[in-house]
Protein chains: 2
Amino acid sequence: MDALQKQVQQFGEACREAGLKLTHQRLEIFSELVRSPDHPSAEALHQRLRKKIPTLSLDTVYRTLATFARHGMITKVETVESQGRFEVTLAPHHHLICSRCNTIMDFQWPSMDETPLPETVKEWGRIDNRSVVAYGICKNCLGG
Amino acid sequence: MDALQKQVQQFGEACREAGLKLTHQRLEIFSELVRSPDHPSAEALHQRLRKKIPTLSLDTVYRTLATFARHGMITKVETVESQGRFEVTLAPHHHLICSRCNTIMDFQWPSMDETPLPETVKEWGRIDNRSVVAYGICKNCLGG
DNA sequence: GTAGCTGCAAAGTGTTTGCAGCTGA
DNA sequence: TCAGCTGCAAACACTTTGCAGCTAC
């Protein structure tokens, strides 16, 4: 069984646990997100899925993504753009955003994940997760 | 001369350098942002400024913020919400966001600022800036 | 005097919602 | 069967734009 199949199977279990019905649309939306390393927006996902499910409506994509996010199955990525971007919830990782073409790339930074936060932050409240967002220009856009 | 006055004076110089006209509206919008530690949205700024300048229009606030951001005088903060949030460009700092009440707090983390990024990131392209975004629940919302 | 800024109104874009019919468990 | 999901269309919220008059330089 390949990685995608495994993730889709886990998805089925997660739905059952969360009391969510496992519909065709939900399965396809999730699979597409697993296959998409580029953090697509709801609109982008809808475009891609229409080829496979022509009747799929954009508002279902929005609703489904919101549902998944509420159950922690996917994560809404923080960006400066107004459009939300989504990704499947995985191991802790960070984001590189190209200011020119707006692509988002993941990267790992284990030593950072283990560095304790400053004392002042602990006084603020409870931290659930944290990630680094780095802005710059990717090699493509630099013309390299 | 207090800190606010100083910052406003520097603002005047920054405008001249950038070739921007120093209008009443621009000055007030900038001063309000300097006075606002809570990273207000365009809408919020407009609300606050209306008391002082009743004729100020919301689209001028949007346009002005975009102009300031284009010239690096202010920064648009990355959040998961759809609304953009702004702050005056200052020393490097990071953000704590309360998932419950959506307030944004700044914090310093100098040791993190100096930690070099992983090698893989250097291959991606040029990094201009980076910051940590931490999500959690603030003490207020925890009921503490 | 003139380039550029502002206010107004209208349009755009991304997202959410109400409803009626459909469907997975 | 029936709670809950989907598609449709309409509403919404935030942001941008075209235009004519106004203002800082």
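Residues numbered from 1 in each chain as written. Chains lettered and ligands numbered in written order. Predicted model: local features only at pLDDT ≥ 70, side-chain atom pairs only at ≥ 80, totals over all residues. Heavy atoms only, no water.

As annotated in an unreviewed UniProt entry, chain A is Transcriptional repressor from Oryzomonas sagensis. The annotation that UniProt attaches to chain A under Sequence similarities (unreviewed entry) is "Belongs to the Fur family." (UniProt positions renumbered as here; feature names shortened; annotations may be inferred.)

So, on to the sheet that holds strand β4 (residues 104-107) of chain B. Taken in spatial order, the 6 strands of this open sheet run β4(A)-β3(A)-β5(A)-β5(B)-β3(B)-β4(B), and their pairing is mixed. Unpaired on one side and paired on the other, β4 (104-107) of chain A together with β4 of chain B mark the two borders of the sheet. For this sheet the average axis-to-axis angle between neighbouring strands, irrespective of direction, equals 30 degrees. Bridge count between strand β3 (residues 94-98) of chain B and strand β5 (residues 125-138) of chain B: 4 bridges; the pairing is parallel. Each bridged residue has a counterpart across the sheet, and for H95(B) the counterpart in β5(B) is V133(B). (Pairing = 2+ DSSP bridges. Helix = DSSP H or I, 4+ residues; strand = E, 2+ residues; numbered from the N terminus. Axes fitted to C-alpha atoms, helices over the stretch in contact; angles between N-to-C directions.)

This part takes up the nonpolar core. Core analysis: the largest hydrophobic core is formed by 24 residues, its most contacted members being W109(A), M112(A), W109(B) and M112(B). Mapped onto this core, the elements with two or more residues apiece are β3 (94-98), α6 (119-124) and β5 (125-138) of chain A together with β3, α6 (119-124) and β5 of chain B. Excluding anything up to four places from it in sequence, M112(B) contacts W109(A), M112(A), V132(A), H94(B), R130(B) and V132(B). (Core = buried A, V, L, I, M, F, W, Y, C linked by side-chain atoms within 4.5 Å. Buried < 20%, exposed > 50% of the residue type's maximum accessible area, 1.4 Å probe, protein only. Contact = heavy atoms within 4.5 Å.)

The subject of this paragraph is the packing of helix α3 (residues 42-50) of chain A against helix α4 (residues 58-70) of chain A. Residues and elements named next belong to chain A. Where α3 contacts α4, the two axes come as close as 9 Å, and the packing angle between them is 125 degrees. Judged by the angle between their axes, α3 and α4 are oblique. For the pair α3 and α4, the sense of crossing is right-handed. Judged by residue contacts, A42, E43, L45 and H46 of α3 engage L58, V61, Y62 and L65 from α4. Class assignment for the residues of the contact of α3 with α4 results in 6 nonpolar, 1 polar and 1 charged. (Parallel < 35°, antiparallel > 145°, perpendicular 65-115°, else oblique. Left-handed = near helix turned anticlockwise from the far one by under 90°. Nonpolar A, V, L, I, M, F, W, Y, C, P; charged D, E, K, R; others polar.)

Below, the discussion takes up the protein's contact with DNA strand C. In the neighbourhood of DNA strand C, 19 residues make up the surrounding shell, with Y62(A), T23(B), Q25(B), R26(B) and T60(B) lying closest. Each atom of DNA strand C within 4 Å of the protein belongs either to a base or to sugar and phosphate, the latter forming 63%. Within the side chain of K21(A), a nitrogen or oxygen atom sits 3.3 Å from a base nitrogen of DNA strand C. Here a phosphate oxygen of DNA strand C sits 2.8 Å away from a polar atom, N or O, in the side chain of T23(B). If you list the elements that add at least two residues to the surface near DNA strand C, you get α4 of chain A together with α2 (24-35) and α4 (58-70) of chain B. For the surface near DNA strand C, the leading source of residues is α4(A), giving 4 residues. Residue composition of the surface near DNA strand C, grouped by class: 5 nonpolar, 7 polar and 7 charged. (Near = heavy atom within 4 Å. Polar contact = N/O pair within 3.5 Å; in protein donor to acceptor, adjacent residues only side chain to side chain.)

All names here are of chain A. Look at H39: it is not a glycine, yet its phi comes out positive at around 55 degrees. Structurally, H39 can be placed in the loop between α2 (24-35) and α3. On the accessibility criterion, H39 (2% relative accessible area) is buried.

Each copy superposes on the other: chain A lies on chain B with an RMSD of 0.1 Å after a rotation of 180 degrees and an axial shift of 0.0 Å. Both chain copies can therefore be described as sitting about a two-fold axis. The rotation axis passes nearest to the C-alpha of V132(A) in chain A, at a distance of 2.2 Å. Interface overlap between copies is the fraction of interface residues in one copy that are interface residues in the other; for chain A against chain B it reaches 100%, indicating a shared surface. (Least-squares fit on C-alpha atoms with pLDDT ≥ 70 in both.)

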